[in-house]
Amino acid sequence: MLTLLLSLLLRLIQIDGLPEGMPGQDNTPHYVKPASSMAPKYFDMLEQNSHIVYPGLAVLTLLLVLVGIFQAWKSQDMDGLTKNEFKRAIVNELRRNLSGLPGDMIARAVGLDRLKTVRLLEQMQQEGMVNSYMSSNQMMMWRIRGAGPEKKDKRY
């Protein structure tokens, strides 16, 4: 009996598709975009000129990012007057401690960021104002030039 019902169902499917009301059957009409006054025209403009608009937005975004990077870079650099004031403070601190100080202690004493202080100390070393050496505990120490046991240049 079950085989008879199954064969009848298969014949109905072959002849007319699924019978009315069977699950999985979709009798709703397909979606059609309504024509209304709410449809914005700028979407059509974007679709038609996307080869111009989107690369232009990308270039504008990159330009804004570059301007931000340059502004941040410029704001972290000190002007000449403040550099000289901090250099003077560093020299005064190193004169108080002739044996030398690590960069962290100098930064705390001067009141400047540690990385900026080390950058100033390296610049002062290139100018010949300070010398650096490694201590026994592998710490970079800074000393005012001429205060330690460094070799003097022979003058004839």
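Residues numbered from 1 in each chain as written. Predicted model: local features only at pLDDT ≥ 70, side-chain atom pairs only at ≥ 80, totals over all residues. Heavy atoms only, no water.

What follows is about the overall build of the protein. When helices and strands are counted, the protein shows 6 helices and 3 strands. Taken from the N to the C terminus, the helices and strands of the protein come in the order α-α-α-α-β-α-α-β-β. For the protein, buried positions account for 16% of its 156 residues. Long-range contacts, defined as pairs at least 24 residues apart, comprise 45% of the intrachain contacts of the protein with a sequence gap of at least 6. Total accessible area computed for the protein in this model is approximately 13200 Å², and 61% of it derives from carbon and sulfur atoms. (Helix = DSSP H or I, 4+ residues; strand = E, 2+ residues; numbered from the N terminus. Buried < 20%, exposed > 50% of the residue type's maximum accessible area, 1.4 Å probe, protein only. Contact = heavy atoms within 4.5 Å. Areas by Shrake-Rupley, 256 points an atom, 1.4 Å probe, with all protein chains shown as cover.)

Another aspect to go through is unusual backbone geometry. In terms of backbone geometry, most residues other than glycine have negative phi values and most peptide bonds are trans. A positive phi is found at Gln-138, a non-glycine position, where the angle reads about 60°. Tracing the backbone through its elements, the reader meets Gln-138 in the loop between β2 (130-134) and β3 (140-144).

Once that is clear, we can look at helix α6 (residues 114-127). Over its 14 residues, α6 extends 20 Å from the first C-alpha to the last, a length consistent with the 20 Å expected when each residue adds 1.5 Å. All of the buried residues along α6 are Thr-117, Leu-120, Leu-121 and Met-124. One side of α6 holds all its buried residues, which, seen down the axis, span an arc of 100°. Summarising the geometry of α6, the exposed residues directed more than 90 degrees from the buried face are Leu-115 and Gln-126. Two residues or fewer after α6 comes Gly-128, characterised by a positive phi angle close to 90°. (Expected span 1.5 Å × (residues − 1). Arc of directions from axis to C-beta.)

Moving on: the pattern of salt bridges. Enumeration over the complete set of coordinates arrives at 3 salt bridges. Ionic pairing is found between Arg-96 and Glu-93, a salt bridge with its closest N-O pair at 2.5 Å. Of this pair, Arg-96 and Glu-93 both sit in helix α4 (residues 80-96), 3 residues apart, which is roughly one turn of the helix. Under the relative-accessibility criterion, Arg-96 is labelled exposed at 59%. (Salt bridge = Lys/Arg side-chain N within 4 Å of Asp/Glu carboxyl O.)

On to the side chain of Lys-87, then. Checked against the element boundaries, Lys-87 lands in helix α4. Taking relative accessible area as the criterion, Lys-87 reaches 8% and is therefore assigned buried.

Right, let's get into the nonpolar core. Soluble globular proteins tend to bury their nonpolar side chains together. Judged by nonpolar contacts, the single largest core of 14 residues is most densely connected at Ile-90, Leu-94, Ile-106 and Trp-142. When sequence neighbours within four positions are dropped, the list of residues in contact with Ile-90 reads Ile-106, Val-110, Thr-117, Leu-120, Leu-121 and Met-124. (Core = buried A, V, L, I, M, F, W, Y, C linked by side-chain atoms within 4.5 Å.)

Once that is clear, we can look at the pairing of β2. Judged from the 5 bridges that link them, β2 and β3 form a sheet pairing that is antiparallel. Of the residues in β3, the one forming a bridge with Met-134 is Met-140. Here β2 folds back onto β3 in antiparallel fashion, the turn holding 5 residues, of which Gln-138 has a positive phi close to 60°. (Pairing = 2+ DSSP bridges.)

Looking now at helix α5 (residues 103-110). Considered for burial, the residues of α5 that qualify are Gly-103, Ile-106, Ala-107 and Val-110. Down the axis of α5, the sector holding all buried residues measures 100°, keeping them to one side. Packed against the buried residues of α5 are α4, β1 (101-102), α6 and β3. Phi turns positive, to about 85°, at Gly-111, one or two residues after α5.

Our focus in this paragraph is the side chain of Glu-93. Residue Glu-93 is classed as buried on the basis of its relative accessible area of 15%. Beyond its immediate chain neighbours, meaning those up to four positions away, Glu-93 contacts Leu-101 and Ala-109.

Counting buried positions along β3 yields 4 of 5 residues, so the element is predominantly enclosed. With 2 bridges joining them, β1 and β3 adopt antiparallel strand pairing. Its bridge partner being in β3, Pro-102 is matched across the sheet by Met-141.

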